[in-house]
Amino acid sequence: MKQLQFFLILFPSFLFSQQTKLVDFKSVNADITVNPIDKSVSGKVEYTFEVLADIDTIRLDAKNFNFNNVKVNNQMYKFSNSAKELLIYQGYKKGSNTLSFEYSANPKQTMYFVGTGENLQVWTQGQGKYTSHWLPSFDDMNEKVIFSMRITYDKNYEVISNGILKNKTESGNNFIWNYKMKKPMSSYLLMLAIGKFEKQTLTSTSGTPLENYISPEDVSKFEPTYRYTKQIFDFFEKEIGVNYPWEIYRQIPAKDFLYGGMENTTSTIFSQYYVVDETGFNDLTYINVNAHELAHQWFGDLITATSGKHHWLQEGFATYYALLAEKELFGEDHFNWEMYEIAERLQQASKTDTIPILNEKASSLSFYQKGAWALHVLRENVGHKNFQKAVKSYLKKYGFKNVNTDDFFAEIKKVSKYDTKKFQEVWLESPVFQVKEVMAILNKNKFIQKYFEVSELKEVSFSQKKNQIEALLKSNVFYPIKEEIIYLLLDLPYEEKADFLETAMHT
């Protein structure tokens, strides 16, 4: 019985993977209306597609939709609505075709209505395969389509989607917002955000508009929230060696967002939690999430993993490049400290987390942090310039396509004789965290060396280490060493450590 259930679960995804080989969907024009009163969405949609070989049925993922006027090549034909899929049985031919329909739905997930009145926000979160809850589309990330969206909504609100805003026209009490993409993308990266927003626009060194949004009550928080945005963008274009692949980049904070951020093509949505003022910036910043989601515009959006098994090609890369961006902003010591703290978490987790990176069931910690460490090891071993050259070639070769791990390693092999087969076995197919190799890399950094030296003073008497720790507290050594010194004094009577604590509090 379990085997039969497993087969039934896999069967629809198998059919879709077969469909992508036989049918190529090219573009979609969607004209939609969002109704916050009954939390519904409706619209008219037209897909263009090319049939490459004989196929019995063409499918679109569609969760709990009502359909009308379903036409293939402008003719009404037989279709089926299974509440999970729209199935088209006839009317298409080998070569170019069109599929059009009207639809309506009350999405149970993926499109969220938060707040009321002036505080209302509507936003989507389609990561993985969930856009098909508000727009009939494709859960298979291997099907990439050029999206054009026309959204009708109350003219008192801002409406944001993917691509360039071509125009905005008035229609009664509404505006119709016309957004267009020029390049194809996976359906899960489609987005919609509606709310009361103010906007500030920066321009990257290469000329890309960087639109940053914020709620009207938070306009004083623009600068601390979006601090370093332009520097991160400029760094990525230089470090990656491939220009930002889209025409515009936006960032929009959402209330009650489900995650830290989501890298929708051209338009990242992130949690309102990261909107901070000048004081709050000292405790919490958007910097790492900002960099992570931007890195995804190349790693995940420009090139997309063929399946969950290769998910590290998206999350590992985005995590690692975000850390490289922090290195650019805050220096080598900061970067190595971040890598050390990640290594400590991974070492602890490896005791119970036994699923390796190259497995669709791997944990987020493995895909993200262990994936980042795997890339750091690779970069250190093949050399920074060779790694950069391979990544640039990889992105240019597979831009707007889907990739797997072998595709990436093929580019590494072109620039280095490094044993990628062994690397894959050790870092991607084994659950073991390679502590010895990690420590050898970390110990190249003088700050890390000094940190470990200070940690070892725990076993040394206070009288023996007193002068050394006093000198370190008064020096400009990176702060984690000073923190470690305070931990070393934990069990010392207050009277004996008071002067040291006072010195520490002045730094």
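Details of the structure are given in the entry above.
Scoring rules and cut-offs
Residues numbered from 1 in each chain as written. Predicted model: local features only at pLDDT ≥ 70, side-chain atom pairs only at ≥ 80, totals over all residues. Heavy atoms only, no water. Helix = DSSP H or I, 4+ residues; strand = E, 2+ residues; numbered from the N terminus. Rg over C-alpha atoms; globule rule 2.2 N^0.38 Å. Buried < 20%, exposed > 50% of the residue type's maximum accessible area, 1.4 Å probe, protein only. Contact = heavy atoms within 4.5 Å. Areas by Shrake-Rupley, 256 points an atom, 1.4 Å probe, with all protein chains shown as cover. Lys, Arg positive; Asp, Glu negative; His and termini not counted. Charge placed at Lys NZ, Arg CZ, Asp CG, Glu CD. Salt bridge = Lys/Arg side-chain N within 4 Å of Asp/Glu carboxyl O. Pairing = 2+ DSSP bridges. Axes fitted to C-alpha atoms, helices over the stretch in contact; angles between N-to-C directions.

Draft legend 1. A look at the overall build of the protein chain. The helix and strand inventory of the protein chain stands at 15 helices and 23 strands. The globule rule puts the C-alpha radius of gyration for 507 residues at 23 Å, and the 26 Å found for the protein chain is close to it. Each of the 507 residues in the protein chain was classed as buried or not, and the buried ones make up 52%. Relative to all contacts within the protein chain whose residues are 6 or more apart in sequence, the contacts with residues 24 or more apart total 68%. As presented, the protein chain carries roughly 23,500 Å² of accessible surface, and 49% of it is formed by carbon and sulfur atoms. Put simply, the protein chain has 58 plus and 62 minus side-chain charges, and the middle of one group is 7 Å from the middle of the other.

Draft legend 2. Geometry of the pattern of salt bridges. Within the structure shown, the criterion is met by 21 salt bridges. Ionic pairing is found between lysine 397 and glutamate 411, a salt bridge with its closest N-O pair at 3.7 Å. Here lysine 397, found in helix α8 (residues 384-398), pairs with glutamate 411, found in helix α9 (residues 405-415); they are 14 residues apart in sequence, far enough to count as distant. For lysine 397, a relative accessible area of 42% puts it in the partly exposed group.

Draft legend 3. Just the sheet that holds strand β7 (residues 85-88), in detail. If you walk across this open sheet you meet the three strands as β3-β7-β6, and the pairing is antiparallel. Bordering the open sheet on either side are β3 (58-61) and β6 (79-81), each of which pairs with just one other strand. Shown here is a sheet whose adjacent strand axes are inclined to one another by a mean of 15°, direction ignored. Here three bridges tie β6 to β7, and the two strands are oriented antiparallel to one another. In the sheet register, asparagine 81 faces β7, and the bridge partner there is leucine 86.

Draft legend 4. View of the side chain of threonine 319. Turning to its location among the elements, threonine 319 is positioned in helix α5 (residues 312-330). Threonine 319 gets classed as buried once you look at its relative accessible area, which sits at 8%. Setting aside chain neighbours within four positions, we find threonine 319 in contact with His292, Tyr368 and Ala372.

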